[in-house]
There are 2 protein chains.
Amino acid sequence: MIIVHKYGGSSVATTEKIMNIAKYLGKIKDKKNDVVVVVSAMGKTTDTLIKLAHEITGDPDKREMDRLMSTGEQQTIALLSIALQSLGYDAISLTGRQAGIRTSGHHTKNRIESIDEKKIKKHLEEGKIVIIAGFQGVNENGDVATLGRGGSDTSAVALAAALNGKCEIYTDVDGVYSVDPRIYPEAKKISYISYDEMMELAFLGAGVMEPRAVELGKKYGVEIYVGKSLGEKNGTVITAKEKIMEEKVITGISVNEDILMVNIEEIPTYAKNVYAILEQAVKFGVNIGVISQNDVSSEHGSFAFTCPQSDKASLEKISEILKEKFERISVIINPYVTKVSIVGIGLISNIGIAARVFKVLADNNISFHQVATSEISIGLIVDEVMGKKVAELLAKEFNV
Amino acid sequence: MIIVHKYGGSSVATTEKIMNIAKYLGKIKDKKNDVVVVVSAMGKTTDTLIKLAHEITGDPDKREMDRLMSTGEQQTIALLSIALQSLGYDAISLTGRQAGIRTSGHHTKNRIESIDEKKIKKHLEEGKIVIIAGFQGVNENGDVATLGRGGSDTSAVALAAALNGKCEIYTDVDGVYSVDPRIYPEAKKISYISYDEMMELAFLGAGVMEPRAVELGKKYGVEIYVGKSLGEKNGTVITAKEKIMEEKVITGISVNEDILMVNIEEIPTYAKNVYAILEQAVKFGVNIGVISQNDVSSEHGSFAFTCPQSDKASLEKISEILKEKFERISVIINPYVTKVSIVGIGLISNIGIAARVFKVLADNNISFHQVATSEISIGLIVDEVMGKKVAELLAKEFNV
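Below: a short report on this structure. Quick caveat, the model's predicted, so the values are computed rather than measured.

**Quick look at the overall build of chain A**
Part 1 of the argument: The number of helices and strands found in chain A is eleven helices and 20 strands.
Part 2 of the argument: Computed over its C-alpha atoms, the radius of gyration of chain A comes to 22 Å, within 12% of the 21 Å expected for a compact globule of 400 residues.
Part 3 of the argument: Projected onto its principal axes, the C-alpha positions of chain A cover 70 × 50 × 35 Å.
Part 4 of the argument: Across the 400 residues in chain A, those meeting the buried criterion constitute 56%.
Part 5 of the argument: Sequence separation of at least 24 residues holds for 75% of the intrachain contacts in chain A that already meet a minimum separation of 6.
Part 6 of the argument: Seen as two clouds, the 47 positive and the 52 negative side-chain charges of chain A have centres 5 Å apart.

Structure follows, in structure tokens:
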């Protein structure tokens, strides 16, 4: 079985760390395994590049941002290949394009359309360790396109799917915790978690895994290991629900501070008006999260949604467009909110959970802006200053 | 007429400098000109990347080095495009591959084979400013390949040739001087210089222009301007000999410290042995400069050549191979040499020049290791410590 290894930015932050990864991968190769490895940009490289662009303008062209950001991964693959070759291993680096990763969609937020794995297989058959740039592919124009935040995870899982392999993701945390340990130090490490639960936690901002990566893992049945150390296997396995024996009611709690809430008021909330708003959001590639509205069809209705903080510039443009279209409209962008979510497969069959959540809020006099529920999660938008407290209270309530 | 502008690393070292270039190019575009611009990596980016690779190994794989080094230019083109777009200009960045620049040869030292200019012309017709990554193209394997030291100059001139345009190269010096002003402060700036003279000066290490760029300029009749400021035209024009009215006997003197001298001794200097040595040099992509030999066909002959300092690692490998092949051979690599050359079209018709050169050396008791002459140049390999003195003496002798 081919294992696709993935190393994030902090794991490849120095040439010394890259050399250590090369030694580890070499040992795996020595045991006659096929090795494919996906890497991110070194340390804070991507952030530094984004900062350069923002020195020029607050709203840089997205095709050019993809070009700029994609260089970080190209540097890492070259250095890792140099390291492996210096140890005597045959290795080859491939960009997303060269690895056959075809994408489509908005620049800086592309999705993988397909992977032509023939070239990778040919290199593996020749005994090479194949090193692939994460976070990037090539779009229909032949331009490099990036997959958005955490896109290297998506690259790794998609490659594992294309190669019928497993995926091992090495990061700076040693697995998936029930709550972010920086917020709630008593949080417990989870050994096994289902794709669905992980997806909710990922979408809700637990930060360990990119949700699209987990979604792909589920779709193609790719088992994903998430851990820290080179070698020791004490992280978290993300797999199908059927493979997990013991289930808790609530698996984890996520806290996502990287959101904005947008309140649109004084607009008749007919479906066509809501569509007019969402149409603009799609056009600008804004990732809409929780949606809620009051007073359906009222002349003075209001409509609210959340989205990542990084969409702020796009939202300001949308706001201008909407103000031209709707005379009296008021668009308020509130960055001081946090989303706290509880996640667990057990939610489906435990009808009292929502009540317990709101009792905790009521007992502590905590108000919330929005609530969103799914089959396996309950999410609350609260003031940013209350986020951590809400997570702690819920973690204690549900003993995660 | 299309003008291909080229900006070197120091001209694009900060986003502020990039913004100034964008403003300047915008003004040219405002006057209804087609604008194509080639850029290098920002400041010392390429050196920093090379340093990273050398932290891993002294002899990094060259395909991977090309991958690594080519990222710097990709960053600059993205940032310049972002800057132009932020000023309201339609601009697009293209990698070497996307600009249709096909190359072949040794990685890190590729040559441009052809340019398919159709895509560039299409973007120009659409009113875009086209920004192209210098120093790189795509080879027959679809891999990014770099053109070696100063390769962005070559990219710019080759593009000007493909587009039937002129080329303007902006650098951190304000033109071509008769001698490097850091070595000889009384050196004079040259307003017009022929391709042949510039090629000699470039090959001989004057440092301002990549010789292949000048060679291409000559081949395709591309007029090349080299200068410093954005706008003022007081640099040097490199053009055909016929277009230069007034000629001096000696145009300039170059000092090249970036060379090694390799002495190979105790080898029968039959042609087949010399070939055996040069064959290895070609195999490792070593750029041989001056060649000389003593005692043709002697059993204890010696053979010497110069090459750039950067070929040292390759030479050490070649030395190992030769020692296996020739039992008694001695290979001595001497990095403490400098090449001083005088260049001028006037050399062809002035038979006394060489005599004057050696009289200067004799009068000052200066010895030399090798001498090389061409129709328009005389080059001397001297001890590194004597390089500057020799250049000064010759500059005074020939009043350049």
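Additional details are given in the paragraphs that follow.
**A short note on the packing of aromatic side chains**
Part 1 of the argument: Per the counting criterion, the structure on display carries ten aromatic pairs over all chains.
Part 2 of the argument: Every member of this aromatic cluster is reached through a ring pair, and the members are Y7(A), Y24(A), Y170(A) and Y225(A).

**Describing the interface of chain A and chain B**
Part 1 of the argument: The interface of chain A with chain B comprises 39 residues on the first partner and 39 residues on the second.
Part 2 of the argument: A buried area of about 3000 Å², summed over both sides, lies between chain A and chain B, and 59% of it is on carbon and sulfur atoms.
Part 3 of the argument: When the buried area of chain A at its contact with chain B is split by residue, I56(A), R67(A) and I82(A) rank highest and sum to 22% of it.
Part 4 of the argument: Inspection of the region where chain A meets chain B yields zero salt bridges.
Part 5 of the argument: For the interface between chain A and chain B, the tally reads 21 residue pairs in polar contact (both at pLDDT 80 or more).
Part 6 of the argument: Counting residues per element, the ones that place at least two in the side of chain A that touches chain B are α1 (15-30), α2 (45-56), α3 (62-86) and β3 (91-94) of chain A.
Part 7 of the argument: In terms of residue count, α3(A) provides more of the side of chain A that touches chain B than any other element does, 16 residues in total.
Part 8 of the argument: For the side of chain A that touches chain B, the per-class residue count stands at 18 nonpolar, 13 polar and eight charged.

**Description of the relation of the copies chain A and chain B**
Part 1 of the argument: Mapping chain A onto chain B calls for a screw motion: a turn of 180° about the axis and a shift of 0.0 Å along it, with 0.1 Å RMSD after fitting. What we have between these two chains is a two-fold relation. Minimal C-alpha distance to the rotation axis in chain A is attained by T71(A), lying at 2.6 Å.
Part 2 of the argument: When the interface residues of chain A are mapped onto chain B, 100% of them are again interface residues, pointing to one common binding face.

**Examining the side chain of D311(A)**
Residues and elements named next belong to chain A.
Part 1 of the argument: Positionally, D311 belongs in the loop between β17 (302-308) and α9 (312-325).
Part 2 of the argument: For D311, the side chain forms a polar contact with the side chain of K109, separated by 2.8 Å.
Part 3 of the argument: Leave out the neighbours within four places in its chain, and D311 touches K109, G285, V286 and N287.

**Some points on a nonpolar patch on the surface**
Part 1 of the argument: Together, F358(B), F368(B) and V371(B) make up a nonpolar patch on the protein surface, roughly 220 Å² of accessible area in all.
Part 2 of the argument: Within the fold, V371(B) resides in strand β21 (residues 370-374).

**Some points on the nonpolar core**
Part 1 of the argument: Membership of the largest hydrophobic core comes to 40 residues, with the highest contact counts inside it found for I120(B), I132(B), M209(B), I224(B) and I238(B).
Part 2 of the argument: If sequence neighbours within four positions are ignored, I120(B) has contacts with V36(B), L94(B), A99(B), V130(B), I132(B), L159(B) and L163(B).
Part 3 of the argument: One finds V38(A), A160(A), I190(A) and L216(A) within the second-largest nonpolar core, a separate group that totals 39 residues.

**A short note on helix α11 (residues 387-398) of chain B**
Residues and elements named next belong to chain B.
Part 1 of the argument: In a regular helix each residue adds 1.5 Å, so twelve residues correspond to 16 Å; α11 covers 17 Å between its end C-alpha atoms and thus fits that length.
Part 2 of the argument: Of the residues making up α11, those classed as buried are G387, V390, A391, L394, A395 and F398. In a view along the axis of α11, the buried residues occupy a sector of 130°, so they form one face of it.
Part 3 of the argument: Looking at the buried side of α11, the elements it contacts are β15 (252-256), β20 (337-343), α10 (353-363) and β22 (377-383).

Reading guide: rules and limits
- Residues numbered from 1 in each chain as written.
- Chains lettered and ligands numbered in written order.
- Predicted model: local features only at pLDDT ≥ 70, side-chain atom pairs only at ≥ 80, totals over all residues.
- Heavy atoms only, no water.
- Helix = DSSP H or I, 4+ residues; strand = E, 2+ residues; numbered from the N terminus.
- Rg over C-alpha atoms; globule rule 2.2 N^0.38 Å.
- Buried < 20%, exposed > 50% of the residue type's maximum accessible area, 1.4 Å probe, protein only.
- Contact = heavy atoms within 4.5 Å.
- Lys, Arg positive; Asp, Glu negative; His and termini not counted.
- Charge placed at Lys NZ, Arg CZ, Asp CG, Glu CD.
- Phe/Tyr/Trp six-rings, centres within 6.5 Å; stacked < 30°, edge-to-face > 60°.
- Buried area = accessible area lost by both parts, 1.4 Å probe.
- Salt bridge = Lys/Arg side-chain N within 4 Å of Asp/Glu carboxyl O.
- Polar contact = N/O pair within 3.5 Å; in protein donor to acceptor, adjacent residues only side chain to side chain.
- Nonpolar A, V, L, I, M, F, W, Y, C, P; charged D, E, K, R; others polar.
- Least-squares fit on C-alpha atoms with pLDDT ≥ 70 in both.
- Patch = residues over 30% accessible without salt bridge, like charges linked within 9 Å, V, L, I, M, F, W, Y side chains within 5 Å.
- Areas by Shrake-Rupley, 256 points an atom, 1.4 Å probe, with all protein chains shown as cover.
- Core = buried A, V, L, I, M, F, W, Y, C linked by side-chain atoms within 4.5 Å.
- Expected span 1.5 Å × (residues − 1).
- Arc of directions from axis to C-beta.

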